[in-house]
Amino acid sequence: MRLTGGEGRGRPLQGPGSLSIRPTSDRVREALFDILGARVPGSRFLDLCAGTGAVGIEALSRGATRVVFVERDRRATMLIRRNLAQIRPPGQAEVIEVDLDRGVASLRQAGEGFAIVFLDPPYEAPDLPDLLGSAAILVAPGGILVLEHRTSITVSASPTAGGLRLFRHYRHGDTTLTTFLRDPEAA
């Protein structure tokens, strides 16, 4: 695994090793940041179900000013911290070791909002609409939520999507990135 762009372009990241996590491939990460484009520099970025932290670290490398990583697995959060220390990206990083629901509740209670929310739950997650609804509450007005999921799963906007509007699907083999937008006028 390597950073695909920004100040750290080409720098290696430690992979999951024996951890049972599925990191976002370099190719899909590069496509993600092509989609996000000019939204990234200066942004507040939330990496939910962060795994190795590659997506959030890539955001820092590409100019995000703050990235929060939420990951429940202790070994994965240790890996994120090692990758951050190795790369030393600019910007502020915070690693929260907690499950998604508690992480979202904690961030919401702190009054946090993010221009970009990236959600990459396990592909077998049975409660995808609930996860999407939880993540949606942290998308700032005018922000974007990107959901990484298996291509064979159909994702659409629903009442549980927290006021987000389905924008577009981007297919990359067995992986699809589905984007949702929040109205800039949303409260």
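That block above? That's the structure.
All figures in this text were calculated on a predicted structure; none of them were measured in a lab. (Residues numbered from 1 in each chain as written. Predicted model: local features only at pLDDT ≥ 70, side-chain atom pairs only at ≥ 80, totals over all residues. Heavy atoms only, no water.)

Draft legend 1. Representation of a negative patch on the surface in the model. The grouping of Asp99, Asp101, Asp127 and Asp130 at the surface amounts to a negative patch. Tracing the sequence through the fold places aspartate 99 in the loop between β3 (92-97) and α4 (100-109). A relative accessible area of 30% places aspartate 99 in the partly exposed class. (Patch = residues over 30% accessible without salt bridge, like charges linked within 9 Å, V, L, I, M, F, W, Y side chains within 5 Å. Areas by Shrake-Rupley, 256 points an atom, 1.4 Å probe, with all protein chains shown as cover. Salt bridge = Lys/Arg side-chain N within 4 Å of Asp/Glu carboxyl O. Lys, Arg positive; Asp, Glu negative; His and termini not counted. Charge placed at Lys NZ, Arg CZ, Asp CG, Glu CD. Helix = DSSP H or I, 4+ residues; strand = E, 2+ residues; numbered from the N terminus. Buried < 20%, exposed > 50% of the residue type's maximum accessible area, 1.4 Å probe, protein only.)

Draft legend 2. Summary view of α4. Within α4, the full set of buried residues consists of Leu100, Gly103, Val104 and Leu107. Buried positions in α4, seen along its axis, are confined to an arc of 95° and lie on one side of it. Residues of α4 that are exposed and point more than 90 degrees away from the buried face comprise Arg102 and Gln109. Where α4 is buried, its residues touch β1 (44-48), β2 (66-71), β3, β4 (114-119) and α5 (128-136). Residue aspartate 99 occupies the N-cap position of α4, its side-chain oxygen lying 3.2 Å from the main-chain nitrogen of aspartate 101. (Arc of directions from axis to C-beta. Contact = heavy atoms within 4.5 Å. Polar contact = N/O pair within 3.5 Å; in protein donor to acceptor, adjacent residues only side chain to side chain.)

Draft legend 3. Main features of the pairing of strand β5 (residues 139-150). When β4 meets β5, the two strands line up parallel, connected through 5 bridges. Bridging across to β5, phenylalanine 118 finds its partner in valine 146. Where β5 meets strand β7 (residues 175-181), 7 bridges bridge the pair, whose relative direction is antiparallel. Bridging from a neighbouring strand, isoleucine 144 pairs with leucine 181 of β7. (Pairing = 2+ DSSP bridges.)

Draft legend 4. Broad picture of the nonpolar core. Grouped together as the largest cluster of nonpolar side chains are 28 residues, with contacts concentrated most on Leu32, Phe33, Leu36, Phe45 and Phe69. Ranked by the residues each element gives to this core, the list is headed by helix α2 (residues 54-61), at 5 residues. Leu119, Leu128, Leu132 and Leu145 belong to the second-largest nonpolar core, a separate cluster that totals 25 residues. (Core = buried A, V, L, I, M, F, W, Y, C linked by side-chain atoms within 4.5 Å.)

Draft legend 5. Here's a closer look at the packing of aromatic side chains. Taken as a whole, this structure holds 1 aromatic pair when the rule is applied. Between phenylalanine 33 and phenylalanine 45 the ring centres are 6.2 Å apart and the planes differ by 15°, which places this aromatic pair in the stacked class. Placement of phenylalanine 33 in helix α1 (residues 26-36) and of phenylalanine 45 in strand β1 is noted, with a sequence separation of 12 residues between them. Of the two residues, phenylalanine 33 and phenylalanine 45, neither departs from the other in class, the shared state being buried. In this structure, arginine 44 packs its charged tip against the face of phenylalanine 114, placed 5.2 Å from the ring centre. (Phe/Tyr/Trp six-rings, centres within 6.5 Å; stacked < 30°, edge-to-face > 60°. Lys NZ or Arg CZ within 6 Å of the ring centre and 35° of its normal.)

Draft legend 6. Focus on the environment of leucine 128. For leucine 128, the location among the structural elements is in helix α5. A residue is classified by how much of its surface remains accessible, and leucine 128, at 12% relative accessible area, is buried. Between the C-alpha atom of leucine 128 and that of alanine 54, which follows or precedes it by 74 residues, the distance is 22 Å. Sequence-distant contacts of leucine 128, defined by excluding residues within four places in its chain, comprise Pro121, Leu147, Ile153 and Val155.

Draft legend 7. Here's a closer look at the sheet that holds strand β6 (residues 165-172). Across the sheet, which stays open at both edges, the 7 strands sit in the order β3-β2-β1-β4-β5-β7-β6 with mixed pairing between neighbours. Since the sheet does not close on itself, it has two edges, and those belong to β3 and β6, each with one partner. Pairs of neighbouring strands in the sheet enclose a mean axial angle of 15°, with direction left out of account. Across 5 bridges, β1 lies against β2 in parallel orientation. Opposite arginine 44, over in β2, you have arginine 66 as the bridge partner. (Axes fitted to C-alpha atoms, helices over the stretch in contact; angles between N-to-C directions.)

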